[in-house]
Amino acid sequence: MAHQAHSYHMVDPSPWPIFGAAAALLTTSGLIMWFHYNSSVLLTLGLISMLLVMLQWWRDIVRESTFQGHHTPTVQKGLRYGMILFITSEAFFFLGFFWAFFHSSLAPTPELGGQWPPTGIKPLNPMEVPLLNTAILLASGITVTWAHHSITEGNRKHAIHALTLTILLGFYFTALQAMEYHEAPFSIADSVYGSTFFVATGFHGLHVIIGSSFLTVCLFRLIKFHFTSDHHFGFEAAAWYWHFVDVIWLFLYMTIYWWGS
Amino acid sequence: GSYEFMSWKKKSGGFCFPHKGLKPIVSTESPALIFGTTTKLASDLPATDSFLGKNKVPDLQKIFQKADGLPVHLKRGVPDRLLYRTTMALTIGGTIYCLVALYMASQPRNQK
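Rules used in this analysis
- Residues numbered from 1 in each chain as written.
- Chains lettered and ligands numbered in written order.
- Predicted model: local features only at pLDDT ≥ 70, side-chain atom pairs only at ≥ 80, totals over all residues.
- Heavy atoms only, no water.
- Helix = DSSP H or I, 4+ residues; strand = E, 2+ residues; numbered from the N terminus.
- Expected span 1.5 Å × (residues − 1).
- Contact = heavy atoms within 4.5 Å.
- Buried area = accessible area lost by both parts, 1.4 Å probe.
- Salt bridge = Lys/Arg side-chain N within 4 Å of Asp/Glu carboxyl O.
- Polar contact = N/O pair within 3.5 Å; in protein donor to acceptor, adjacent residues only side chain to side chain.
- Core = buried A, V, L, I, M, F, W, Y, C linked by side-chain atoms within 4.5 Å.
- Buried < 20%, exposed > 50% of the residue type's maximum accessible area, 1.4 Å probe, protein only.
- UniProt positions renumbered as here; feature names shortened; annotations may be inferred.

### Topic: helix α6 (residues 191–223) of chain A
Relative to the 48 Å expected for 33 residues at 1.5 Å per residue, α6 of chain A spans 48 Å between its end C-alpha atoms, a close match to the ideal helical length. Phe225 of chain A lies just past α6 of chain A and shows a positive phi near 65°.

### Brief notes about the interface of chain B and chain A
Taken residue by residue, the interface counts 49 residues in chain B and 55 residues in chain A. A combined buried area of about 4,500 Å² lies between chain B and chain A, and 70% of that area is made up of carbon and sulfur atoms. Across the chain B-chain A interface, the total number found is two salt bridges. Between Arg63 of chain A and Asp80 of chain B there is a salt bridge; the shortest N-O distance is 2.7 Å. Where chain B touches chain A, the interface holds nine residue pairs in polar contact (both at pLDDT 80 or more). Residue assignment for the side of chain B that touches chain A shows that the elements contributing at least two residues are α2 (24–27), α3 (31–44), α4 (57–64) and α5 (78–105) of chain B. Among the elements that make up the side of chain B that touches chain A, the one with the highest residue count is α5 of chain B (14 residues).

### Considering the nonpolar core
All names here are of chain A. Residues Leu163 and Phe235 are the most contacted members of the largest nonpolar core, which totals 51 residues. Within the residue set of this core, elements represented by two or more residues are α3 (73–106), α4 (129–152), α5 (156–183), α6 and α7 (233–259). No other element matches α7, which puts 15 residues into this core.

### Focus: the UniProt feature "transmembrane region" (unreviewed entry) in chain A
The UniProt entry lists residues 16–35, 41–58, 79–102, 129–147, 159–177, 197–220 and 240–260 of chain A under the feature "transmembrane region" (unreviewed entry), expressed in the numbering used here. For residues 79–102 of chain A, the end-to-end C-alpha separation is 35 Å, with 100% helix and 0% strand making up the annotated structure.

### Things to note about the UniProt feature "transmembrane region" (unreviewed entry) in chain B
Mapped onto this numbering, the UniProt entry annotates "transmembrane region" (unreviewed entry) at residues 82–105 of chain B. Annotated as 100% helix and 0% strand, the span residues 82–105 of chain B places its first and last C-alpha atoms 34 Å apart.

### Some remarks on the side chain of Thr143 of chain A
Residues and elements named next belong to chain A. In this structure, Thr143 sits in helix α4. Overall, the relative accessible area of 8% leaves Thr143 in the buried class. Dropping the residues within four chain positions of it, Thr143 is found in contact with Ala162, Leu165, Thr166 and Leu169.

What follows is the structure in structure tokens.
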């Protein structure tokens, strides 16, 4: 049997890229059908197939690495570059929404009453739930680092405890934000204040949910002995993403919640 | 050889990889060695061995390294095939439905 004379991973032919592209088509055209023709069939199909593709594609990556051993140091280096590039692209995504916020808040128009917050808007008190949320995410950054150290030191029990705590803190943040959204005296329709507030914090909340899901998958893999003390890049990628989510929140808190109130 | 490479890794403890120097074949971690490390670590901590289940990774490694020519997304047989076919039905069927819906939406509407 011929062996490869290089340390790269030549993957098996896979249907997930093309199915993923189809799922994106269904989801986007599904949004159109839902907006304009009051039909959610396509959108539902799109979201379900997107979920199926993600599950199977990532399942296959776990199979290729943990069970088949294809993730050499070279492959891992490529994955590190990839994750860093992805997180950088997400940082630029949020940069756009911060730009929009400062565009509108640094020079408030007469229609807003020439002030920020605009006339009639009662902003959330940054020293109440938002401050608690800041403490929660900072604490979760500490617990995820504790989990990482536990993994590298081979301490299985501590790693599982620390990662579970991180995930619980993430859920606590999400629950508190959902409650804040429900109780807020202003809505997304309340001038550009509402737009910038809910779009920026809303996308952040979505990323918290994504990060919590990523960490939860890592918890299952940790329990199932997938990680070794030297090789646990899936966990590191999740931790990087989680720290990124935390940093975005700190910027949101300082600018939109605090300066903007 | 590669065994010496692995014991060097264990001595250094943490997360170290030799990025310098080109030793493509030698530095490629062969499957048996990575999983040898996993099993060794599990038995290094006998007290936590049974904490939340036992290590089934070596068994799964045997399944997924079987030389049956199956691609990784179908390697487990029936459950993989079922999921694959469901996904294919939803995406391909959905794409056809989508093209029909877009064709219909692009027809001019008559004034009532």
